[in-house]
Amino acid sequence: APASRAAMKKELPERFRSYKNVWVFIEIEHGEIHPVSLELLGEGRKLADKLGVELAGVLIGGERAPLAEASTEVWEHGADAVYIATHAALEHYRNDPYSRVLTDMVNEFKPEILLLGATVLGRDLAGSVATTLLTGLTADCTELAIDDDRCLAATRPTFGGSLLCTIYTLNTRPQMATVRPRVMSMPPRQPGRKGRTVPFRVSLREDDIVTKVLRFLPDRDSNKAQLAYADIVVAGGLGLKSPENMQHVRALASVLGGDWGGSRPLVQKGWMPADRQIGQTGKTIRPKLYIAAGISGAIQHRVGVEGADLIVAINTDPQAPIFDFAHVGVVADAIELLPALTEAFRKR
Ligand code: FAD
């Protein structure tokens, strides 16, 4: 209840009261900023404005990392400042040096809120930083806000998605949260916008780091990470009846220059890999066009796709729940319609 929350907030220990500003950890992937970090800058800007504090991006990398270009991009997406830590030992992501440096930066500059993308790297880093700092972390948030007590209200699905819970970090700082890619919208870029650079002196010795990078192996399915950011996505559901019919989904996606995925039961049945699952426990997508074939439109699927600009549903049942939120509904057999659509687009 708000009353007891306010009472508990008064107990915030003295040492945390000087914590100020909103920080976003900027993830760099293959030399480029991961889009989720820019989405978080857009959200962080709103939180910082509500609190009347500064928004900063945190860049950590090796001496060859493109941190100058990244700083420009961070300012142009709304940050007032960029905190930079560079060191040879930070060339590639490893949990121990990265979490040590980010923890040291937090202890020195004392941000009130620290946000990270809920990517593989972000989840790994956020967990160890929060543990070392003995502070709270709300993982996989779908909504962030500042409440009347100036506390971060971090909302995430719980109990298998049947409830949304809002979590507060009351007695420690920083308040930390990870947010899934594509849940927040991308802020517009403001070319020429500039901010401050704050360098951080890194004290690390390679000998103190327990993990060593021996070599990198290329990702076998280099496309899989693209699904969340594809402009066109075609997905299949149980209505396709057999794993062989997933070829119709892949073929239409390919001819449209998009990516493909499916509903959760297809992963459970082994018809497709887990990283192609769309929905609450899979990927959140925001394509310009989403074609759902043989998918009923259960709430757990809907929450992952409702950010799409145009949803086209193909289903034999005119009462299927997907028609409640699809923009275009086609009552048809997807096993027949998908190849016909592929053929028609191929000819164009
Ligand atoms: P069904 O619900 O069986 O629907 C099949 C549809 O195909 C029906 O509407 C039918 O009318 C139609 N159909 C049949 N034949 C044809 C045909 N020839 N042509 C066209 N249409 C046809 N689900 C997800 O998708 N993503 C998630 O992330 C997810 N997370 C979950 C998390 C939890 C904790 C739980 C409990 C469930 C989760 N689910 C998730 C499962 C979800 O509740 C549904 O069970 C699932 O989305 C249903 O998948 P479906 O639409 O493919 O199958």
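Cut-offs and rules
Residues numbered from 1 in each chain as written. Predicted model: local features only at pLDDT ≥ 70, side-chain atom pairs only at ≥ 80, totals over all residues. Heavy atoms only, no water. Helix = DSSP H or I, 4+ residues; strand = E, 2+ residues; numbered from the N terminus. Rg over C-alpha atoms; globule rule 2.2 N^0.38 Å. Buried < 20%, exposed > 50% of the residue type's maximum accessible area, 1.4 Å probe, protein only. Phe/Tyr/Trp six-rings, centres within 6.5 Å; stacked < 30°, edge-to-face > 60°. Contact = heavy atoms within 4.5 Å. Core = buried A, V, L, I, M, F, W, Y, C linked by side-chain atoms within 4.5 Å. Near = heavy atom within 4 Å. Polar contact = N/O pair within 3.5 Å; in protein donor to acceptor, adjacent residues only side chain to side chain. Areas by Shrake-Rupley, 256 points an atom, 1.4 Å probe, with all protein chains shown as cover. 1 Å grid on protein atoms, 1.4 Å probe; cavity = no way out; pocket = protein on both sides within 12 Å on 5 of 7 lines; lining within 4 Å. Sits in = over half its atoms within 2 Å of the grid points. Nonpolar A, V, L, I, M, F, W, Y, C, P; charged D, E, K, R; others polar. Axes fitted to C-alpha atoms, helices over the stretch in contact; angles between N-to-C directions. Parallel < 35°, antiparallel > 145°, perpendicular 65-115°, else oblique. Left-handed = near helix turned anticlockwise from the far one by under 90°. Arc of directions from axis to C-beta.

Chemist: Quick rundown of the overall build of the protein chain? Include the residues and the values.
Modeler: Within the protein chain one finds 9 helices and 17 strands. In terms of overall size, the protein chain behaves like a compact globule, its C-alpha atoms giving a radius of gyration of 22 Å where 348 residues would be expected to give roughly 20 Å. Dimensions of the protein chain, computed from C-alpha atoms along their principal axes, come out at roughly 65 × 50 × 40 Å. With 348 residues in all, the protein chain has 49% of them scored as buried.

Chemist: Tell me about the packing of aromatic side chains, residues and numbers included.
Modeler: On inspection of all chains with the given rule, the structure shows 6 aromatic pairs. Arranged with centres 4.7 Å apart and planes meeting at 40°, the rings of tryptophan 23 and tyrosine 83 form a pair that is tilted. Separated by 60 residues along the polypeptide, tryptophan 23 in strand S1 (residues 22–25) and tyrosine 83 in strand S5 (residues 81–86) bring together distant segments of the chain. For the pair shown, tryptophan 23 and tyrosine 83 are each scored as buried. On the numbers, 6.2 Å between centres and 50° between planes, the contact of tryptophan 23 with phenylalanine 109 is tilted. You can see tryptophan 23 sitting in strand S1 and its partner phenylalanine 109 sitting in helix H4 (residues 95–109), a full 86 residues away along the chain. Its relative accessible area of 1% is what places tryptophan 23 among the buried residues.

Chemist: Any chance you could break down the environment of phenylalanine 325 for me, citing the residues and the numbers?
Modeler: With respect to the helices, strands and loops of the structure, phenylalanine 325 is situated in the loop between strand S16 (310–315) and strand S17 (328–331). Phenylalanine 325 sits in the buried class, given a relative accessible area of 10%. As a C-alpha pair, phenylalanine 325 and glutamate 306 span 19 residues in sequence and 7.7 Å in three-dimensional space. Setting aside residues no more than four positions away along its own chain, phenylalanine 325 makes contact with Gly297, Arg302, Val305 and Ile311.

Chemist: Outline the nonpolar core, listing residues and values.
Modeler: If you look at soluble globular proteins, the nonpolar side chains tend to sit buried side by side. Within the largest apolar cluster, 31 residues are counted, with the highest numbers of intra-cluster contacts made by Val22, Leu41, Leu115 and Leu144. When residues of this core are assigned to their parent elements, the largest contribution, 6 residues, is made by helix H2 (residues 35–51). Not counting residues up to four positions away in its chain, the partners in contact with leucine 144 are Glu43, Leu47, Leu115, Leu152, Ala153, Ala154, Ala177, Val179 and Met184. In this structure, Phe25, Ala81, Tyr98 and Leu121 belong to the second largest nonpolar core, which totals 29 residues.

Chemist: How would you explain the site of the ligand if you had to name every residue and give the values?
Modeler: Taken together, 28 residues sit near the ligand, with Lys241, Ser263, Thr281, Ser296 and Asn315 positioned nearest. Arginine 264 is positioned with one of its backbone polar atoms (N or O) 3.1 Å from an oxygen atom of the ligand. Here the ligand, which alone exposes 980 Å², has 76% of that area covered by the protein. The cavity that encloses the ligand is the second largest pocket. Only helix H7 (264–268), helix H8 (299–305), S16 and helix H9 (334–347) provide two or more residues apiece to the shell around the ligand. The class makeup of the residues in the shell around the ligand is 9 nonpolar, 15 polar and 4 charged.

Chemist: Would you mind going over the packing of H4 against helix H5 (residues 120–133) in detail, with residue names and values included?
Modeler: Helices that pack against each other are described as a pair by the angle of their axes relative to one another and the distance between those axes. Look at H4 against H5: their axes get within 9 Å of each other, and the N-to-C directions meet at 50°. The pairing of H4 with H5 is recorded here as oblique in orientation. In the crossing of H4 with H5, the sense of the turn from one axis to the other is right-handed. Here H4 contributes Asn95, Tyr98, Ser99, Leu102, Thr103, Val106 and Asn107 to the contact with H5, which in turn contributes Asp124, Leu125, Ser128, Val129, Thr132 and Leu133. Considered class by class, the residues forming the contact of H4 with H5 number 6 nonpolar, 6 polar and 1 charged.

Chemist: Outline helix H6 (residues 246–256), supporting the account with residue identities and numerical values.
Modeler: When we look at burial in H6, the residues that qualify are Met246, His248, Val249, Leu252, Ala253 and Leu256. Along H6, the residues classed as buried sweep out an arc of 160° about the axis, all on the same side.

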